[in-house]
Amino acid sequence: MALSITSPDVLAVLFAGVAYGLWRIYRFLFFVTRTPLRVLPGPPAQSWIHGNLKQLVSEENHVLPDKWFARYGKHFIDREFFMIPRLWTLDPRIIHHVLTHSVDYPRPEENRKNLIEILGRGEEHRLQRRILNPAFGPAQVRDLTEIFVQKAIELRNIWVTATQDGPAQVNVSKDLSRMTLDVIGLAGFGYDFNALDPSGKPNELSMAFQKLFSNAAPISSVWPFLRSLIPFLKLVPSKRLTAALESSATLRRVGSQIVAERKAAILREMSEKHQDGIERKDLKSRDLLTLLIKANMAKDVPEDQRLSDADVLGRTFLIAGHETTSTATTWALYALSQRPAMQQKLRDELLSVPTDTPTMDELMALPYLDHVVHETLRLHSPLTMLVREAQYDDVLPLSEPFTDRFGKTHNEIRIAKGNRVVLPVMALHRSKEIWGEDALEFKPERWEQPPEAISAIPGVWGHLLTFIGGPRACIGYRFSLVEIKALLFTLIRAFEFELGVPSEDILIKTAPLQRLSVRSAPEKGFQLPLLLKPYKAA
């Protein structure tokens, strides 16, 4: 029997749907307008839909937050999608509180859902760090250093060929990205991607990996936010998401085969050696995936804390797969290409090492190289900001009182469940109050006697937030640092670098990592053309 639209049952359903929709709208408007953050000053929003987000990403060199902090003080609010307020703060006590209470302040909901949708996993539970940590200690990264150096030498040899007839212009960011992709293949999976081989055909896993991490939505895109807010929108097709899901499916299919093969090989080895389990001393391997599998199979890990095969695979993708290394090395070469004396000072130190294949310990013993890497990751951090979302109403502690926009003094900042806190990595790294009046200068020598004020920055490495901090700091930071040093060691010894275009033609944009491009060639995307000259000692 057909139901009429005027029948009581249909009307009841329609009324319930409308009532629920109105209730959700009321809750949302109450959240936006009655937030305790409303007492803070901040810039006016340019759009009801995008708030300040488009304004933020359109500004070059991520300088807008610096301007806002200069105008509104250490604490202010901006607006994101649909005028939702976000707290920005330079107070190290608040930053420490948010990072150390990582369960109470995870990534925003749409980011968490996106991770689960694409990689099939979310953020790790703190107990799972017992499995992950041993696989990324100094001893394990020391064993992987040979791969970093090997691939750096391959890249050097390609550039030697390019410059055999004299100086040549090279897009270093593209070649560095290929090199780090090869490192991901070998050091991450024991799998050769051959990305540096100009005559080789990219394999299936390599192509899927590149597509997955090149399909991130821009931070001003409202679509991921709407999909997390309105579940039925997941049924609406998206080219970017479809491509990411296809790449993810390939990674999981090929990766699962690799995991099964590694587990079988480990069990076979244990059987041949008559071992009844894996101990921490057995955590050695030439790739991260095997290390994680062994750590996950260790006898002292309770069954309910073990990672699934899909989780093991997802962790390896995330830890080895970000582009921090290639982006940071690009920035280091950009900075050095404009400072020939600094470049030569570093080269002299590197040439004092009597080998082309240094160990991790030899790389870590070079002080000026360490200062250059520190300064690159301070002034040119690939990561410009972090956003965390409060899971509960909370009170944020302050280093010093502040005065709100109504003239009232506060000793704390109250925050509501669902409010977001922006940890401004770049603004903190460029703060003159912390780093001094020369904070905007690239000056590696500052690390010989760094300012005392940086001790309050709760980063996992170097009193910087490049690799975050707290329980969910980047677990692969040692991997990235040693790889950056291996690259700079090999390349600076072999070449002199100069900008390949006028400095005013270089454009710095955030999308979402901070990257370089050429103003006069936007169609070529992110790039850094440098003029390479083979180095010849005088």
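Residues numbered from 1 in each chain as written. Predicted model: local features only at pLDDT ≥ 70, side-chain atom pairs only at ≥ 80, totals over all residues. Heavy atoms only, no water.

**Things to note about the overall build of the protein chain**
Next up, step 1: Across its full length, the protein chain carries 20 helices and eleven strands.
Next up, step 2: Scored against the burial criterion, the 538 residues of the protein chain give a buried share of 52%.
Next up, step 3: A sequence separation of at least 24 residues applies to 74% of the contacts in the protein chain between residues at least 6 apart.
Next up, step 4: Summing over all exposed atoms, the protein chain offers an accessible surface of approximately 25,100 Å²; the carbon and sulfur share of this is 56%. (Helix = DSSP H or I, 4+ residues; strand = E, 2+ residues; numbered from the N terminus. Buried < 20%, exposed > 50% of the residue type's maximum accessible area, 1.4 Å probe, protein only. Contact = heavy atoms within 4.5 Å. Areas by Shrake-Rupley, 256 points an atom, 1.4 Å probe, with all protein chains shown as cover.)

**Some thoughts on unusual backbone geometry**
Next up, step 1: Of note, phenylalanine 82 is a non-glycine position whose phi angle comes to about 55°, a positive value.
Next up, step 2: You can see phenylalanine 82 is positioned in the loop between β1 (75-79) and β2 (85-89).
Next up, step 3: A positive phi angle is found at isoleucine 468, which is not glycine, with a value near 65°.
Next up, step 4: Within the secondary structure, isoleucine 468 is located in the loop between α19 (432-435) and α20 (477-494).

**What to know about the nonpolar core**
Next up, step 1: Core analysis: the biggest nonpolar cluster contains 129 residues, and Phe148, Trp159, Ile413 and Phe497 have the highest contact counts within it.
Next up, step 2: The residues touching phenylalanine 148, leaving out its near neighbours within four places in the chain, are Val141, Met179, Val183, Ala187, Phe479, Val482, Glu483 and Ala486. (Core = buried A, V, L, I, M, F, W, Y, C linked by side-chain atoms within 4.5 Å.)

**A short note on the pairing of strand β10 (residues 514-518)**
Next up, step 1: Burial analysis of β10 places five of its five residues in the buried class, which makes it a mostly covered element.
Next up, step 2: Residues Gln514, Leu516 and Val518 point to one face of β10 and Arg515 and Ser517 to the other, with burial holding for every one of them.
Next up, step 3: As paired elements, strand β9 (residues 506-510) and β10 share five bridges and run antiparallel to each other. Paired with lysine 509 across the strands is arginine 515, a residue of β10. (Pairing = 2+ DSSP bridges.)

**Brief notes about the sheet that holds strand β11 (residues 529-534)**
Next up, step 1: Here we have three strands laid out as an open sheet, ordered β3-β11-β8, and antiparallel in their pairing. In this open sheet, the two edge strands, each paired with only one partner strand, are β3 (168-171) and β8 (495-499). The sheet shows a mean angle of 40° between the axes of neighbouring strands, taken without regard to direction.
Next up, step 2: Judged from the five bridges that link them, β8 and β11 form a sheet pairing that is antiparallel. Directly across from glutamate 496, in β11, lies its bridge partner lysine 533. (Axes fitted to C-alpha atoms, helices over the stretch in contact; angles between N-to-C directions.)

**Comments concerning the sheet that holds strand β4 (residues 386-389)**
Next up, step 1: If you walk across this open sheet you meet the four strands as β1-β2-β7-β4, and the pairing is mixed. Bordering the open sheet on either side are β1 and β4, each of which pairs with just one other strand. Across this sheet, the average inter-strand angle for adjacent strands is 30°, counted without regard to direction.
Next up, step 2: Here four bridges tie β4 to strand β7 (residues 420-423), and the two strands are oriented antiparallel to one another. Bridging across to β7, arginine 388 finds its partner in valine 421.

**As for the environment of leucine 481**
Next up, step 1: Within the secondary structure layout, leucine 481 lies in helix α20.
Next up, step 2: Through-space distance from the C-alpha of leucine 481 to that of threonine 324 is 9.6 Å; in sequence the pair is 157 residues apart.
Next up, step 3: Setting aside its immediate chain neighbours within four residues, leucine 481 contacts Val373, Leu377, Trp461 and Phe467.

**Looking at empty space enclosed by the protein**
One way to see where empty space is left: roll a probe the size of a water molecule over the atoms.
Next up, step 1: This model, assessed by the stated rule, comprises two cavities of 30 Å³ or more.
Next up, step 2: Space inside the largest cavity adds up to approximately 70 Å³.
Next up, step 3: Lining the largest cavity we find eleven residues, and of these Leu99, Ser102, Tyr105, Arg388 and Arg472 sit closest to its centre.
Next up, step 4: Each residue belonging to the lining of the largest cavity can be placed in one class, and the counts come to six nonpolar, two polar and three charged. (1 Å grid on protein atoms, 1.4 Å probe; cavity = no way out; pocket = protein on both sides within 12 Å on 5 of 7 lines; lining within 4 Å. Points joined across faces, edges and corners; volume = space filled by probe spheres on them. Nonpolar A, V, L, I, M, F, W, Y, C, P; charged D, E, K, R; others polar.)

**Thoughts on the packing of aromatic side chains**
Next up, step 1: Tallying each qualifying case throughout the model produces 15 aromatic pairs.
Next up, step 2: Considering the side-chain rings of tryptophan 159 and phenylalanine 497, the 6.2 Å spacing of their centres and the 70° angle between planes classify their relative orientation as edge-to-face. Linking tryptophan 159 in helix α7 (residues 138-162) with phenylalanine 497 in strand β8, this pair joins segments that are 338 residues apart in sequence. Both residues of the pair, tryptophan 159 and phenylalanine 497, count as buried.
Next up, step 3: Where phenylalanine 467 meets tyrosine 477, the ring centres are 6.1 Å apart and the plane angle is 45°; that geometry is what we call tilted. Placement of phenylalanine 467 in the loop between α19 and α20 and of tyrosine 477 in helix α20 is noted, with a sequence separation of ten residues between them.
Next up, step 4: With a relative accessible area of 3%, phenylalanine 467 lands in the buried category. (Phe/Tyr/Trp six-rings, centres within 6.5 Å; stacked < 30°, edge-to-face > 60°.)

**Concerning the packing of α7 against α20**
Next up, step 1: Relative orientation of the contacting elements α7 and α20 amounts to 35°, with a least axis distance of 8 Å. The chirality of how α7 crosses α20 is right-handed. Listed contacts from α20 to Pro138, Val141, Leu144, Thr145, Phe148, Val149, Ala152, Ile153, Leu155, Arg156 and Trp159 of α7 are Arg478, Phe479, Val482, Glu483, Ala486, Leu487, Thr490, Leu491 and Ala494.
Next up, step 2: Across the contact of α7 with α20, the residue classes tally to 15 nonpolar, two polar and three charged. (Left-handed = near helix turned anticlockwise from the far one by under 90°.)

**Examining the packing of helix α15 (residues 340-351) against helix α17 (residues 367-379)**
Next up, step 1: Between α15 and α17, whose axes approach to 8 Å, the crossing angle comes to 135°. Here α15 lies oblique to α17, going by the angle between them. Contacts from Met342, Lys345, Leu346, Glu349 and Leu350 in α15 reach Pro367, Tyr368, Leu369 and Val372 in α17.
Next up, step 2: By residue class, the composition of the contact of α15 with α17 is seven nonpolar, no polar and two charged. (Parallel < 35°, antiparallel > 145°, perpendicular 65-115°, else oblique.)

**Side note on the pairing of β3**
Next up, step 1: Alternating residues of β3 divide into Ala168 and Val170, all buried, and Gln169 and Asn171, none buried.
Next up, step 2: Sheet analysis places β3 next to β11, joined by four bridges and oriented antiparallel. Bridging from a neighbouring strand, alanine 168 pairs with leucine 532 of β11.

**Brief notes about the environment of alanine 521**
Next up, step 1: Along the chain, alanine 521 falls in the loop between β10 and β11.
Next up, step 2: The buried category is assigned to alanine 521, whose relative accessible area is 10%.
Next up, step 3: On a C-alpha basis, the gap between alanine 521 and aspartate 505 in space is 9.1 Å, while along the polypeptide they are 16 residues apart.

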